[in-house]
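Observations on the model geometry
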Amino acid sequence: MENELNKRDHTGVQDFVLLEDFRDPTAFVENLRKRFSANLIYTYIGPVLVSVNPYQNFDIYNEEYVHIYRNVNFYELPPHIFAIADAAYRSMRGDNRNQCVLISGESGAGKTEASKKILQYIAASSKHMKDVEQVKDRLLQSNPILEAFGNAKTNRNDNSSRFGKYMDIQFDFKGVPVGGHILNYLLEKSRVVHHSDGERNFHIFYQLIAGGTPLLLSKLKLTKDAENYHYLTQGKSVRVDALNDHKDFSHVKHALDVCDFTTQEQEALFSIVASVLHLGNIQFEENEDGLANISDFTPVENISQLLGCPEGVLQSALQNKTIEAKGEKMKSPLNKDQALYARDALAKGVYDRLFTWIVNKVNDSLNSRKRMKCSLMGLLDIYGFEIFGVNSFEQFCINYCNEKLQQLFIELTLKSEQEEYQREGIAWEPVEYFNNKIICDLVEGKPVGMIAIMDEECLRPGDPTDSTFLEKLNINLGQHPHYFSHSSATDTAARRSIGRDEFRLLHFAGEVTYSIQGFLDKNNDSLFRDLKEAMSQTSNKITSMCFPASELQDKKRPNTASTQFKNSLAQLMEILMSKEPSYVRCIKPNDYKRSDLFDDRIVHHQVKYLGLMENLRVRRAGFAYRRPYDIFLNRYKSLCPDTWPHYDGTAKEGVEMLVNHLQYSNDDYRLGKTKLFIRFPRVLFATEDAFQIRKHDLATMVQARYRGFAQKKKYLTMKLAAIMLQSHWRKVAAQRLLKRRKQAAERLRGFIKGFIHRLEPECDENKHFIQYTKYNYLMKLKETLPKTVLDKTWPSAPQLLQKTSQLLRNLCMRNLTLCYVKSVTPARKAQMEEKVVAESLFKGKKENYPGSVKEMFADTLLDSTQQNMLCSIFDAKVKQQDEKVQYSAPVTKFDRHGYKSRKRVLVLTDKHLYLLDEKSYLLKDKLPYQQITGVLSSSLSDGLCVITINMDDNGSKENLDDTLDSKGDLILHSDRLIEVITKTVIHGNKSEAFQVISEASITHGISGGKKGYIEFTRGQTSAVKKAKNGNLCVMVAQ
Ligand SMILES: Nc1ncnc2c1ncn2[C@@H]1O[C@H](COP(=O)(O)OP(=O)(O)OP(=O)(O)O)[C@@H](O)[C@H]1O
Ligand SMILES: [Mg+2]
């Protein structure tokens, strides 16, 4: 309704209770018209749905609409048949109450369509599961079957239901449809043999002829032309534009398959349909005795073949009537009229029983296989109130049925309304409405109801006729305010309008004049025994089942048709009363099936007889609007600061606070126990308008809140995710650490074990340890290897690698040596050789030897000037041509006599030892090497040496200098004595002549065979000088 409130100005009101002028039928119809023009066919009167037949298809029943209306509060969306279905479905599930939807309205108003929409909604909104799909399929497919056999084109409706139908849909505890059950009411079987102009027989006949394959038709001995069949041509409207018999037949075939009709059953079924057509074609002619003779036997042959019935039996049954009198059976031949009557009675009887069989068969297929307690939703689609040109027994029953339904509607709506007022503690204001109970009583009352009188007349001995029945009616009911007849009518105009064989009932929906003709006969519903017998003997499974032989034995007279109908209606009322009803009131906008015509007069009429105004008045009964407190408060609480955003007290208190704040006047509203009642629509509209304005502000606030909430939610989700990630990561890290520790412990244990077994031959225990030790040792060794040959350090090796260490050490040394050797130049090599000689001469013998080791030996100790002098003087003048200077150095020479020191240059060639004057470079001494007998040196660290000379050697005497010869051994001093002596020994090849004298003095020869002495002492400073004793004293610093 709230939704409707928003739209109220555009398309009238969506709920009539909001109609300001609720007592005016014109305003009511105007509202319907307005909405009809806007293609809005549904309007509510409170919970009742008023539906106007649009006579055109709107796309408002698709999946999307099913979805929109599913689980939404009734008033929240525009009125729709789906809303009714959904509310009933939810109430069934929520309150656990069985439901029924009562669909009423006159013929063509859209009842059957509405019931199909409800079924469609139920099927579409329940879950899709394989076995459920099958049930739903069968529920939906039961429609085309029953419509084919039970619907026909009438002048009011191309697809008029000619039977009443109540269908229970069964749901399991989950709300899933699991089965169904159909009750059928009074098929208009007279249509099989007769229908008015412009009308047709039941659809199935035309569908079979139009849609049956040539093979099927030839089997059924039918021709393709409906015009050939007497029963199909009375209305002269075999073809109907709005219907496609050919296509519909294939739908029916499919539906029969879905609903489990076997091929044999279908064959039997169509054989019966065809037999009815053949039956209609049986013609009789009168013989001389006035008795009926069959004029053409072909149809009879066809029937006996199709139904499997002996031809003679059928023939005889169609022409005779067996009478039982005083225990004796007598065959009485029929006259032509009687035979035609018997033929038609058989056709009607067969078709009627076939229809009941079909309903039972459909019920079998809908029967829930699961044995459980089911919730039920009933759909009542029953023929609407109808007035034809000639109204007979059928219309009487149909209109009686509608009276009963109206009665139920009044009872339930009024009662529930009154109950609500009582429940809510609000004073009930009586509502004026027409209660049609009086008409119901007129029809069904005992002992003077119409049905009772009719039954009595049927059973009465003698010769009851329709006229005698009419007389009885007139006598008994002539004074009834709703019964009129020619004789009982008070004014002439009325008398004229009613024929002598007619009576008129003033129904709640209008006056209907009935023709009395056929009433008794139809009420008796008798079928001659012979025909029943013939049918019971058929081999056709359906006819033999529908006409059981046991029926013939049963002596008890069956109930009349009207009593049966009355009883079944009473049962139906009981069923409906036990359920929670919902109402759909259908209205047709015009009599011409036009989508663009809204005939006020016709609609007016329907509104009146459907009692919609009463319904509205009752609903309004002073209050246009009512809502449970919580719902009202929830919607409008934002309009009052005390109730917004939450009200802590009860909903009723909240609403009280709210209406005070909104300044409702005392007359505007009432507070019930659970609901608020608002008297005038304008009060509600004002509230709603205020709410619409407030809604915008609220929307902004809600949006902001929601955004905040959404962000917070997002943040919390992320935080949670982060915490989870962290904890997972910690777990993973801890697991890894544990694994590493385990591995480490394992490694350590292995290491210790390896250490324990390290000296044993390689085995599993020590393998890794040994490998590690080797690796470790080698790595350490790599870092600490000696870099030079002289470096004698070598890292200590573990015990198990001692041998390896030794081998490696040798290898290393060899390698270093090799490298070293490779790096030595020839000059260096010569130097080394000289050093080696020096070592052999002095090592361990002379004190200053270690100090000399590091000094490199040179080829000359002269500076460049001296060398030039040596070159220019000595090379040119002194040395021999082939002589080669090997060494030169400045030395000090001490005279053998007097030990005077003289500066000299020592030159060693490959042949001689020369001493040159330091300044002039003139030769002072020249000594061939072979004359050198000894080279003497002290063991101290002095620089003095004595070169002893052999004076006797003849070979060299001639080379000797005179002075040298006379002077004796040479006493030389050099700061680089080791070098000088080594060079002399090498070039003179005198290594064996060298001697270190460890004594304190050395004796040297002086010319003339004399001897001199050189003393060696240690003192404060180093000095060489002549001592007082005449000896040369060499003092060596300590
Ligand atoms: N909601 C609808 N949308 C479109 N067309 C509709 C609707 N309701 C009814 N009709 C049209 O009106 C025709 C008559 O409707 P329907 O057969 O339901 O009437 P009825 O009330 O069952 O009549 P009867 O009492 O004769 O059986 C349908 O065949 C269909 O063409
Ligand atoms: Mg119908």
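Fair warning: this is a prediction, and the values are worked out from it, not measured in the lab.

**Some thoughts on the site of ligand 1**
In the vicinity of ligand 1 there are 19 residues, among which Asn53, Ser107, Lys111, Thr112 and Ser160 approach most closely. Lysine 111 places a polar side-chain atom, nitrogen or oxygen, 2.6 Å from an oxygen atom of ligand 1. Within the side chain of threonine 112, a nitrogen or oxygen atom sits 2.7 Å from an oxygen atom of ligand 1. Protein contacts shield 88% of the accessible area of ligand 1, which totals 630 Å² for the unbound molecule. Of all elements in the fold, only α5 (111–125) and β5 (160–161) reach the threshold of two or more residues within the shell around ligand 1.

**As for helix α14 (residues 336–366)**
In a regular helix each residue adds 1.5 Å, so 31 residues correspond to 45 Å; α14 covers 45 Å between its end C-alpha atoms and thus fits that length. Near the N-terminus of α14, the side chain that reaches the backbone nitrogen of aspartate 337, with its oxygen 3.1 Å away, is that of asparagine 335.

**Some details on the coordination of the magnesium ion (ligand 2)**
Donor atoms from the polypeptide that bind the magnesium ion (ligand 2) are Thr112 (OG1) and Ser161 (OG), placed at 1.9 to 2.1 Å. Taken together, the residues threonine 112 in helix α5 and serine 161 in strand β5 connect sequence positions 49 residues apart. Summarising the burial analysis for this pair, threonine 112 and serine 161 share the class buried.

**Side note on a nonpolar patch on the surface**
Taken together, the side chains of Phe751, Tyr772, Tyr775 and Met779 make up a nonpolar region of the molecular surface, amounting to roughly 390 Å² of accessible area. With three residues, helix α30 (residues 767–784) is the largest single contributor of residues to the nonpolar patch. Mapped onto the elements of the fold, tyrosine 772 is located in helix α30.

**A look at the sheet that holds strand β29 (residues 1010–1019)**
With respect to topology, four strands assemble into an open sheet ordered β28-β29-β31-β30, the strand pairing being mixed. Among the strands making up the open sheet, the edge pair consists of β28 (1001–1006) and β30 (1023–1026). Ignoring strand direction, the axes of neighbouring strands in this sheet form an average angle of 20 degrees. Bridge count for β28 against β29 is six bridges, and the pairing is antiparallel. Bridge assignment links histidine 1004 to a residue of β29, and that residue is glycine 1012.

**Overview of the pattern of salt bridges**
Scanning all chains against the criterion turns up 51 salt bridges. One salt bridge in this structure joins lysine 189 and aspartate 525, with 2.4 Å as the shortest N-O distance. Taken together, the residues lysine 189 in the loop between β7 (177–185) and α7 (190–193) and aspartate 525 in the loop between α20 (519–524) and α21 (529–536) connect sequence positions 336 residues apart. Among the residues examined, lysine 189 registers a relative accessible area of 16% and is labelled buried. The class of aspartate 525 is partly exposed, set by a relative accessible area of 40%. For glutamate 457, the salt bridge identified is with arginine 460, shortest N-O distance 2.7 Å. Glutamate 457 sits in the buried class, given a relative accessible area of 0%. One continuous salt-bridge network, built from bridges that share partners, spans Arg162, Glu188, Arg191, Glu199 and Glu386.

**Description of the pairing of strand β10 (residues 320–325)**
Here β10 runs beside strand β11 (residues 328–333); their pairing, made up of six bridges, is antiparallel. The partner of isoleucine 323 across the bridge, within β11, is methionine 330. Connecting β10 to the next strand, β11, in antiparallel fashion are two residues, including lysine 326 with a positive phi near 50 degrees.

**Observations concerning the confidence of the model for the protein**
This prediction gives the protein a mean pLDDT of 89; 96% of its residues lie at or above 70. Of the regions scoring below 50 in pLDDT, residues 1–9 engages in 34 contacts with residues more than four places distant in sequence or in other chains. For residues 953–963, every residue scores under 50 in pLDDT, and the model assigns this stretch 15 contacts once sequence neighbours within four places are set aside.

**Overview of the side chain of glutamate 403**
The topology assignment puts glutamate 403 in helix α15 (residues 393–424). A polar contact is formed between the side chain of glutamate 403 and the side chain of histidine 507, at a distance of 2.7 Å. The residues contacting glutamate 403, other than those within four sequence positions of it, are Asn436, Ile439, Cys440, His507 and Phe508.

**Concerning the environment of leucine 520**
Topologically, leucine 520 is positioned in helix α20. Residue leucine 520 is classed as buried on the basis of its relative accessible area of 7%. In the structure, leucine 520 is positioned 61 residues away from leucine 459 in sequence and 9.8 Å away in space, judged by C-alpha atoms. What leucine 520 contacts, discounting residues up to four positions off in sequence, is Met454, Glu457, Cys458, Pro464, Thr465, Asp466 and Phe469.

**Let's talk about the nonpolar core**
Side chains that are nonpolar tend, in soluble globular proteins, to be buried together. Counting residues in each nonpolar core, the largest one holds 112 residues, and the members touching the most others are Phe149, Phe205, Leu269 and Ile358. Residue contacts for phenylalanine 205: discarding those within four places in its chain leaves Leu232, Val273, Val276, Leu277 and Tyr351.

Conventions we followed
What you see as residue numbers is a count from 1 along each chain, following the sequence as written. For this description, chains carry letters from A and ligands carry numbers from 1, given in the order in which they are written. Given that the model is predicted, a residue must reach a pLDDT of at least 70 before its local features are reported, and side-chain atom pairs must reach 80 or more before they are shown or counted; all residues, however, enter totals for whole chains, interfaces and linings. To get the side-chain values, take all heavy atoms of the structure and skip hydrogens and water. We call a residue near a molecule or strand as soon as one heavy atom of that residue lies within 4 Å of the molecule or strand. Think of a polar contact as two N or O atoms within 3.5 Å of one another; within protein, one of them needs to be a possible hydrogen donor and the other a possible acceptor, and neighboring residues in sequence only count if both atoms come from side chains. Computed by Shrake-Rupley with a 1.4 Å probe, the accessible areas treat only the displayed protein chains as cover when residues are assessed. Each helix corresponds to a stretch of at least 4 residues labelled H or I by DSSP, and each strand to a stretch of at least 2 residues labelled E; elements are numbered beginning at the N terminus. Here the expected length of a helix is defined as 1.5 Å per residue gap, with one fewer gap than residues. Coordinating donors are taken as N, O and S atoms within 2.8 Å of the metal, stretched to 3.2 Å for Na, K and Ca; because water is absent from the atoms, sites can appear incomplete. When accessible area is computed with a 1.4 Å probe and restricted to protein chains, residues below 20% of their type maximum are described as buried, those above 50% as exposed, and intermediate ones as partly exposed. Residues enter a patch when their relative accessible area is above 30% and they make no salt bridge; the linking distance is 9 Å between like charges and 5 Å between nonpolar side chains (Val, Leu, Ile, Met, Phe, Trp, Tyr). For this document, the term salt bridge refers to a Lys or Arg side-chain nitrogen within 4 Å of an Asp or Glu carboxyl oxygen. Strand pairing follows a simple DSSP-based rule, namely that at least 2 bridges must link the two strands. Axis definition: a line fitted to C-alpha atoms, limited for helices to the stretch in contact. Angles are taken between N-to-C directions and run from 0 to 180 degrees. For every residue, the predictor assigns a confidence score, pLDDT, that lies between 0 and 100. Note on contacts: a residue pair qualifies if any of its non-hydrogen atoms lie within 4.5 Å across the two residues. Put simply, a nonpolar core is a bunch of buried Ala, Val, Leu, Ile, Met, Phe, Trp, Tyr and Cys residues held in one set by side-chain atoms that sit within 4.5 Å of each other.

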